[in-house]
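Chain and residue survey
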Amino acid sequence: DVCSSDLTGTLISPHWILTAGHNFFSSEEQESPTPPTGITVLLGSDPNQPLSVHAVAELVFYPSWVEQDELMYSANDLCLVRLVEPIHSVEPAAINTSLDEPIGSVAWFCGFGDYSEREGQNPDALSKRHALHNVLDRKVDGIPSRSGGVEYLGGLLAFDFDAPDGTVNSLGDGLVNEDEALLGPGSSSAQALPFEGATVEGDSGGPLFVQINGVWTLAGVLSAGASDPIEDHRDSSYGDISIFIRVATHAEWILSVTGLR
(Lines give C-alpha, C1' and ligand atoms only; values in the text may rest on other atoms or scores of the structure.)
Protein backbone atom coordinates (compact mmCIF):
# COMPACT_ATOMS: atom_id res chain seq x y z
CA ASP A 1 0.00 0.00 0.00
CA VAL A 2 1.04 3.58 -0.52
CA CYS A 3 0.31 6.78 1.34
CA SER A 4 0.40 10.40 0.16
CA SER A 5 0.06 12.46 3.37
CA ASP A 6 -3.68 12.08 3.82
CA LEU A 7 -4.88 9.49 1.36
CA THR A 8 -4.43 5.84 0.51
CA GLY A 9 -3.80 3.89 -2.67
CA THR A 10 -2.82 0.41 -3.83
CA LEU A 11 0.00 -0.66 -6.11
CA ILE A 12 -1.49 -2.74 -8.95
CA SER A 13 1.60 -2.89 -11.17
CA PRO A 14 5.17 -1.62 -10.81
CA HIS A 15 4.20 1.68 -12.50
CA TRP A 16 0.57 2.13 -11.38
CA ILE A 17 -1.42 2.90 -8.21
CA LEU A 18 -5.20 2.69 -8.00
CA THR A 19 -6.97 5.16 -5.70
CA ALA A 20 -10.02 7.43 -5.50
CA GLY A 21 -10.52 10.36 -7.87
CA HIS A 22 -11.72 12.71 -5.15
CA ASN A 23 -8.31 12.51 -3.49
CA PHE A 24 -7.07 14.91 -6.17
CA PHE A 25 -10.11 16.80 -7.36
CA SER A 26 -13.16 18.50 -5.90
CA SER A 27 -15.27 20.87 -7.98
CA GLU A 28 -16.33 22.60 -4.76
CA GLU A 29 -12.77 23.46 -3.79
CA GLN A 30 -10.72 23.81 -6.96
CA GLU A 31 -11.04 24.26 -10.69
CA SER A 32 -8.69 21.52 -11.78
CA PRO A 33 -7.03 18.37 -10.37
CA THR A 34 -3.86 18.50 -8.32
CA PRO A 35 -0.85 18.50 -10.69
CA PRO A 36 1.32 15.36 -10.58
CA THR A 37 4.34 17.43 -9.59
CA GLY A 38 2.62 18.27 -6.29
CA ILE A 39 2.20 14.62 -5.26
CA THR A 40 4.67 12.44 -3.36
CA VAL A 41 4.07 8.74 -2.82
CA LEU A 42 5.36 7.21 0.40
CA LEU A 43 5.77 3.43 0.29
CA GLY A 44 5.36 1.20 3.33
CA SER A 45 3.32 0.84 6.50
CA ASP A 46 4.73 3.92 8.27
CA PRO A 47 4.68 7.14 6.20
CA ASN A 48 6.81 8.86 8.84
CA GLN A 49 9.59 6.40 7.97
CA PRO A 50 8.79 5.30 4.40
CA LEU A 51 10.62 2.46 2.74
CA SER A 52 10.98 4.68 -0.30
CA VAL A 53 9.64 7.91 -1.79
CA HIS A 54 8.34 8.18 -5.35
CA ALA A 55 7.43 10.92 -7.80
CA VAL A 56 4.26 10.88 -9.90
CA ALA A 57 4.27 11.24 -13.68
CA GLU A 58 0.55 11.27 -14.48
CA LEU A 59 -2.96 11.12 -13.07
CA VAL A 60 -5.57 9.30 -15.16
CA PHE A 61 -9.11 9.87 -13.90
CA TYR A 62 -12.02 7.64 -14.75
CA PRO A 63 -13.51 9.08 -17.98
CA SER A 64 -16.65 10.52 -16.37
CA TRP A 65 -15.19 11.48 -13.00
CA VAL A 66 -14.20 15.12 -13.57
CA GLU A 67 -17.64 15.90 -15.04
CA GLN A 68 -19.60 13.89 -12.46
CA ASP A 69 -17.52 14.02 -9.28
CA GLU A 70 -20.22 12.83 -6.89
CA LEU A 71 -18.22 10.40 -4.78
CA MET A 72 -20.09 7.09 -4.77
CA TYR A 73 -23.27 8.39 -6.42
CA SER A 74 -21.96 7.86 -9.95
CA ALA A 75 -19.82 4.86 -8.93
CA ASN A 76 -16.90 6.35 -10.89
CA ASP A 77 -14.66 7.75 -8.13
CA LEU A 78 -11.40 6.28 -9.45
CA CYS A 79 -7.96 7.52 -10.43
CA LEU A 80 -4.90 5.71 -11.75
CA VAL A 81 -1.56 7.19 -10.67
CA ARG A 82 1.44 6.53 -12.91
CA LEU A 83 4.82 6.61 -11.18
CA VAL A 84 7.95 8.14 -12.68
CA GLU A 85 9.98 5.09 -11.66
CA PRO A 86 8.58 1.59 -11.07
CA ILE A 87 8.33 -0.06 -7.66
CA HIS A 88 9.75 -3.58 -7.63
CA SER A 89 10.17 -4.06 -3.87
CA VAL A 90 6.57 -5.13 -3.19
CA GLU A 91 4.16 -7.42 -5.03
CA PRO A 92 1.28 -5.57 -6.72
CA ALA A 93 -2.29 -6.44 -5.76
CA ALA A 94 -4.36 -8.56 -8.14
CA ILE A 95 -7.31 -6.73 -9.74
CA ASN A 96 -10.67 -8.43 -9.34
CA THR A 97 -12.41 -8.92 -12.68
CA SER A 98 -15.26 -11.13 -11.42
CA LEU A 99 -18.73 -10.03 -10.33
CA ASP A 100 -18.86 -13.01 -7.98
CA GLU A 101 -17.86 -11.19 -4.79
CA PRO A 102 -19.50 -13.36 -2.10
CA ILE A 103 -22.01 -11.45 0.03
CA GLY A 104 -21.64 -12.44 3.68
CA SER A 105 -17.96 -13.31 3.31
CA VAL A 106 -15.13 -11.74 5.30
CA ALA A 107 -13.42 -8.83 3.55
CA TRP A 108 -10.27 -6.96 4.56
CA PHE A 109 -9.53 -3.25 4.30
CA CYS A 110 -6.42 -1.22 5.06
CA GLY A 111 -5.63 2.47 4.95
CA PHE A 112 -3.76 5.46 6.39
CA GLY A 113 -6.72 7.39 7.76
CA ASP A 114 -5.92 10.22 10.14
CA TYR A 115 -5.61 9.25 13.80
CA SER A 116 -2.90 11.85 14.47
CA GLU A 117 -5.17 14.18 16.42
CA ARG A 118 -6.70 11.47 18.61
CA GLU A 119 -5.85 11.44 22.30
CA GLY A 120 -2.37 10.06 22.95
CA GLN A 121 -1.24 10.50 19.34
CA ASN A 122 1.40 12.84 17.94
CA PRO A 123 -0.52 15.56 16.01
CA ASP A 124 2.54 16.23 13.85
CA ALA A 125 2.92 12.61 12.73
CA LEU A 126 1.16 10.87 9.86
CA SER A 127 -0.95 7.88 10.80
CA LYS A 128 0.54 4.44 10.25
CA ARG A 129 -1.25 1.84 8.18
CA HIS A 130 -4.14 0.10 9.91
CA ALA A 131 -6.09 -2.94 8.78
CA LEU A 132 -9.53 -4.24 9.66
CA HIS A 133 -11.96 -6.89 8.60
CA ASN A 134 -15.70 -6.83 8.16
CA VAL A 135 -18.45 -8.74 6.38
CA LEU A 136 -19.36 -7.78 2.82
CA ASP A 137 -23.03 -6.72 3.05
CA ARG A 138 -23.91 -5.20 -0.31
CA LYS A 139 -22.95 -5.20 -3.97
CA VAL A 140 -24.65 -3.34 -6.79
CA ASP A 141 -23.89 -2.51 -10.43
CA GLY A 142 -25.48 -0.66 -13.34
CA ILE A 143 -24.99 2.83 -11.85
CA PRO A 144 -24.69 5.27 -14.80
CA SER A 145 -22.40 8.21 -15.46
CA ARG A 146 -21.73 10.08 -18.71
CA SER A 147 -18.90 11.89 -20.43
CA GLY A 148 -18.74 13.16 -24.01
CA GLY A 149 -22.05 11.54 -24.83
CA VAL A 150 -20.82 8.12 -23.67
CA GLU A 151 -22.53 6.25 -20.83
CA TYR A 152 -20.46 4.32 -18.31
CA LEU A 153 -21.84 1.82 -15.82
CA GLY A 154 -20.24 1.30 -12.42
CA GLY A 155 -20.94 -0.53 -9.19
CA LEU A 156 -20.49 -0.35 -5.43
CA LEU A 157 -19.60 -2.62 -2.51
CA ALA A 158 -20.39 -1.82 1.13
CA PHE A 159 -20.27 -3.02 4.73
CA ASP A 160 -21.50 -1.66 8.05
CA PHE A 161 -19.78 -1.44 11.46
CA ASP A 162 -21.78 -3.57 13.88
CA ALA A 163 -21.77 -3.11 17.65
CA PRO A 164 -20.42 -6.08 19.64
CA ASP A 165 -23.66 -6.41 21.60
CA GLY A 166 -25.76 -6.59 18.42
CA THR A 167 -27.68 -3.39 19.10
CA VAL A 168 -26.39 -1.50 16.04
CA ASN A 169 -26.79 -3.01 12.58
CA SER A 170 -27.31 -0.12 10.17
CA LEU A 171 -27.65 -2.19 6.99
CA GLY A 172 -30.07 -4.52 8.70
CA ASP A 173 -32.38 -2.04 10.41
CA GLY A 174 -35.50 -0.39 9.05
CA LEU A 175 -33.90 3.02 8.43
CA VAL A 176 -32.91 3.44 4.77
CA ASN A 177 -31.67 6.93 3.86
CA GLU A 178 -30.57 8.20 0.44
CA ASP A 179 -27.07 6.78 0.71
CA GLU A 180 -28.28 3.36 1.82
CA ALA A 181 -30.88 3.27 -0.94
CA LEU A 182 -28.05 3.57 -3.47
CA LEU A 183 -26.77 0.19 -2.25
CA GLY A 184 -29.97 -1.65 -3.13
CA PRO A 185 -31.92 -4.16 -1.05
CA GLY A 186 -30.33 -6.76 1.17
CA SER A 187 -29.79 -7.93 4.70
CA SER A 188 -26.96 -7.74 7.21
CA SER A 189 -26.05 -9.82 10.23
CA ALA A 190 -26.02 -7.97 13.54
CA GLN A 191 -23.23 -10.21 14.83
CA ALA A 192 -19.93 -8.35 14.75
CA LEU A 193 -16.67 -10.08 13.92
CA PRO A 194 -13.91 -10.06 16.55
CA PHE A 195 -12.01 -6.79 16.06
CA GLU A 196 -14.44 -5.64 13.37
CA GLY A 197 -13.71 -2.09 12.23
CA ALA A 198 -14.74 0.83 10.06
CA THR A 199 -12.96 3.32 7.84
CA VAL A 200 -11.93 6.85 8.87
CA GLU A 201 -11.19 10.13 7.10
CA GLY A 202 -8.01 9.77 5.05
CA ASP A 203 -8.68 6.14 4.17
CA SER A 204 -10.17 7.28 0.85
CA GLY A 205 -8.78 5.31 -2.07
CA GLY A 206 -7.81 2.39 0.12
CA PRO A 207 -8.32 -1.22 -0.94
CA LEU A 208 -11.04 -3.70 -0.06
CA PHE A 209 -9.83 -7.27 -0.51
CA VAL A 210 -12.28 -10.12 -1.08
CA GLN A 211 -11.45 -13.79 -1.50
CA ILE A 212 -12.76 -15.32 -4.73
CA ASN A 213 -11.98 -18.93 -5.62
CA GLY A 214 -9.34 -19.00 -2.91
CA VAL A 215 -7.52 -15.87 -4.12
CA TRP A 216 -7.54 -12.49 -2.33
CA THR A 217 -8.16 -9.79 -4.92
CA LEU A 218 -8.59 -6.02 -4.91
CA ALA A 219 -12.38 -5.76 -5.15
CA GLY A 220 -13.13 -2.22 -3.96
CA VAL A 221 -11.70 1.29 -3.62
CA LEU A 222 -13.00 3.36 -0.70
CA SER A 223 -15.03 6.34 -1.86
CA ALA A 224 -17.09 7.54 1.12
CA GLY A 225 -19.25 6.68 4.09
CA ALA A 226 -23.04 6.87 4.25
CA SER A 227 -24.40 9.99 5.91
CA ASP A 228 -26.40 9.55 9.14
CA PRO A 229 -26.89 5.77 8.94
CA ILE A 230 -28.39 5.75 12.45
CA GLU A 231 -29.78 8.39 14.79
CA ASP A 232 -27.20 10.55 16.60
CA HIS A 233 -24.39 8.96 14.61
CA ARG A 234 -20.77 9.95 15.14
CA ASP A 235 -18.28 9.46 12.31
CA SER A 236 -16.22 6.25 12.47
CA SER A 237 -18.37 4.84 15.29
CA TYR A 238 -20.78 1.89 15.40
CA GLY A 239 -23.27 2.13 12.56
CA ASP A 240 -20.78 3.49 10.04
CA ILE A 241 -21.36 2.30 6.47
CA SER A 242 -18.26 2.26 4.26
CA ILE A 243 -18.92 2.44 0.51
CA PHE A 244 -16.42 1.28 -2.12
CA ILE A 245 -16.24 1.65 -5.88
CA ARG A 246 -16.61 -1.88 -7.27
CA VAL A 247 -13.41 -2.69 -9.14
CA ALA A 248 -14.85 -5.48 -11.29
CA THR A 249 -17.30 -3.10 -12.99
CA HIS A 250 -14.35 -0.93 -14.08
CA ALA A 251 -11.77 -3.68 -14.64
CA GLU A 252 -11.72 -3.20 -18.42
CA TRP A 253 -10.78 0.48 -18.03
CA ILE A 254 -8.13 -0.27 -15.40
CA LEU A 255 -6.53 -3.02 -17.47
CA SER A 256 -6.64 -0.93 -20.64
CA VAL A 257 -4.99 2.17 -19.14
CA THR A 258 -2.27 0.25 -17.29
CA GLY A 259 -1.59 -2.32 -20.00
CA LEU A 260 -2.27 -5.18 -17.58
CA ARG A 261 -4.71 -7.01 -19.86
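Here, the structure is the one placed above.
Structure report, in brief.

Calculation rules
- Chains are numbered independently. Their residues run from 1 in the order of the written sequence.
- Selection of residues for local features in this predicted model requires a pLDDT of at least 70, selection of side-chain atom pairs for listing and counting requires 80 or more, and totals for whole chains, interfaces and linings are taken over all residues.
- Side-chain figures throughout are based on the complete set of non-hydrogen atoms in the structure, without hydrogens or water.
- Numbering goes from the N terminus for both helices and strands, where a helix is a DSSP run of H or I of at least four residues and a strand is a run of E of at least two.
- Computation of the radius of gyration draws on C-alpha atoms alone. For the globule rule, the value is 2.2 Å times the number of residues to the power 0.38.
- Relative accessible area decides the class of each residue, using a 1.4 Å probe on protein chains only: under 20% of the type maximum gives buried, over 50% gives exposed, and in between gives partly exposed.
- Residues are treated as being in contact if the distance between any of their heavy atoms lies within 4.5 Å.
- Only the protein chains shown count as covering a residue, and every accessible area follows the Shrake-Rupley method with a 1.4 Å probe.
- Pairing between strands is defined by DSSP: at least two bridges between the two strands are required.
- Note on geometry: axes are C-alpha line fits, over the in-contact stretch for helices, and angles between N-to-C directions span 0 to 180 degrees.
- We define a salt bridge as a contact between a side-chain nitrogen of Lys or Arg and a carboxyl oxygen of Asp or Glu at a distance within 4 Å.
- The residues that make up patches have over 30% relative accessible area and no salt bridge, and they are joined within 9 Å when like-charged or within 5 Å when they are Val, Leu, Ile, Met, Phe, Trp or Tyr.
- For this analysis, a ring pair means two rings from Phe, Tyr or Trp (six-membered ring only for Trp) whose centres lie within 6.5 Å, classed as stacked if their planes differ by under 30 degrees, edge-to-face if by over 60, and tilted for the remaining angles.
- Among buried residues, the Ala, Val, Leu, Ile, Met, Phe, Trp, Tyr and Cys ones that are joined through side-chain atoms within 4.5 Å form a nonpolar core.

**Points about the overall build of the protein chain**
Counting its regular elements, the protein chain contains two helices and 13 strands. Here the C-alpha radius of gyration of the protein chain, 17 Å, is about what a compact globule of 261 residues would show, namely 18 Å. Along the longest, intermediate and shortest principal axes, the C-alpha atoms of the protein chain span 50 × 50 × 40 Å. Of all 261 residues assigned to the protein chain, the portion counted as buried reaches 52%. Intrachain contacts of the protein chain at a sequence separation of at least 6 include 71% that bridge at least 24 residues. Total accessible area on the protein chain stands at roughly 12100 Å², and carbon and sulfur atoms take up 49% of it.

**Looking at the sheet that holds strand S12 (residues 215-225)**
In spatial order, the strands read S8-S7-S11-S12-S13-S10-S9; together these seven strands make up an open sheet with antiparallel pairing. Across the chains shown, the open sheet's two edge strands, defined by having one partner strand only, are strand S8 (130-135) and strand S9 (138-147). Put simply, the sheet's adjacent strands are angled 35 degrees from each other on average, direction ignored. Sheet analysis places strand S7 (residues 106-111) next to S8, joined by six bridges and oriented antiparallel. Each bridged residue has a counterpart across the sheet, and for Phe109 the counterpart in S8 is Leu132.

**Considering the pattern of salt bridges**
One pass over the full model with this rule turns up four salt bridges. Residue Lys139 is joined to Glu101 by a salt bridge in which the shortest nitrogen-to-oxygen separation is 3.9 Å. Of the two residues, Lys139 is situated in strand S9 and Glu101 in the loop between strand S6 (79-83) and S7; the sequence distance between them amounts to 38 residues. Judged by relative accessible area, Lys139 falls into the partly exposed class, the value being 31%. Given the relative accessible area of 1%, Glu101 is considered buried. As a salt-bridge pair, Arg246 and Asp141 come within 4.0 Å of each other at their nearest N and O atoms. Here Arg246 is found in strand S13 (residues 241-246), whereas its partner Asp141 is found in strand S9, with 105 residues between them in sequence. Residue classification places Arg246 among the buried positions, given a relative accessible area of 3%.

**With respect to a nonpolar patch on the surface**
Taken together, Val106, Trp108 and Trp216 make up a surface patch of nonpolar side chains, about 270 Å² in accessible area. Within the element layout of this structure, Trp216 appears in strand S12.

**Considerations on the packing of aromatic side chains**
All told, the structure shown has six aromatic pairs when counted by the stated rule. Between Tyr62 and Tyr152, the ring centres sit 5.6 Å apart and the planes meet at 75 degrees, which makes this aromatic pair edge-to-face. Taken as a pair, Tyr62 in the loop between strand S5 (52-61) and S6 and Tyr152 in strand S10 (residues 150-160) lie far apart in primary sequence, 90 residues in all. According to the relative accessible area criterion, Tyr152 is partly exposed, its value standing at 21%. With 5.3 Å between their ring centres and 50 degrees between their planes, Phe159 and Phe244 make a pair best called tilted. Pair noted here: Phe159 is in strand S10 and Phe244 is in strand S13, with a separation of 85 residues, a long-range link. Aromatic ring contacts, followed pair by pair, group Tyr62, Tyr152 and Trp253 into a single cluster.

**A word on the pairing of S7**
Sheet topology places S7 next to strand S11 (residues 207-212); three bridges connect them, and they run antiparallel. The partner of Trp108 across the bridge, within S11, is Phe209.

**Observations regarding the environment of Val106**
Within the fold, Val106 resides in strand S7. Leaving out residues up to four positions away in the same chain, Val106 has contacts with His133, Asn134, Leu193 and Trp216.

**Comments concerning the nonpolar core**
Counting residues in hydrophobic clusters, the biggest one holds 48 residues, and the most contacted among them are Leu18 and Leu156. Among residues more than four places away in sequence, those in contact with Leu156 are Met72, Ala75, Arg138, Lys139, Val140, Ile143, Leu182, Leu183, Ile243, Phe244, Ile245 and Arg246.

**A short note on helix H2 (residues 251-258)**
Along H2, the positions that sit buried rather than exposed are Ala251, Trp253, Ile254, Leu255 and Thr258. On its buried face, H2 sits against strand S2 (8-13), strand S3 (16-19), S5 and S6. In the stretch just after H2, Gly259 is the one whose phi turns positive, near 75 degrees.

Taken by themselves, the reported measurements are silent on function.
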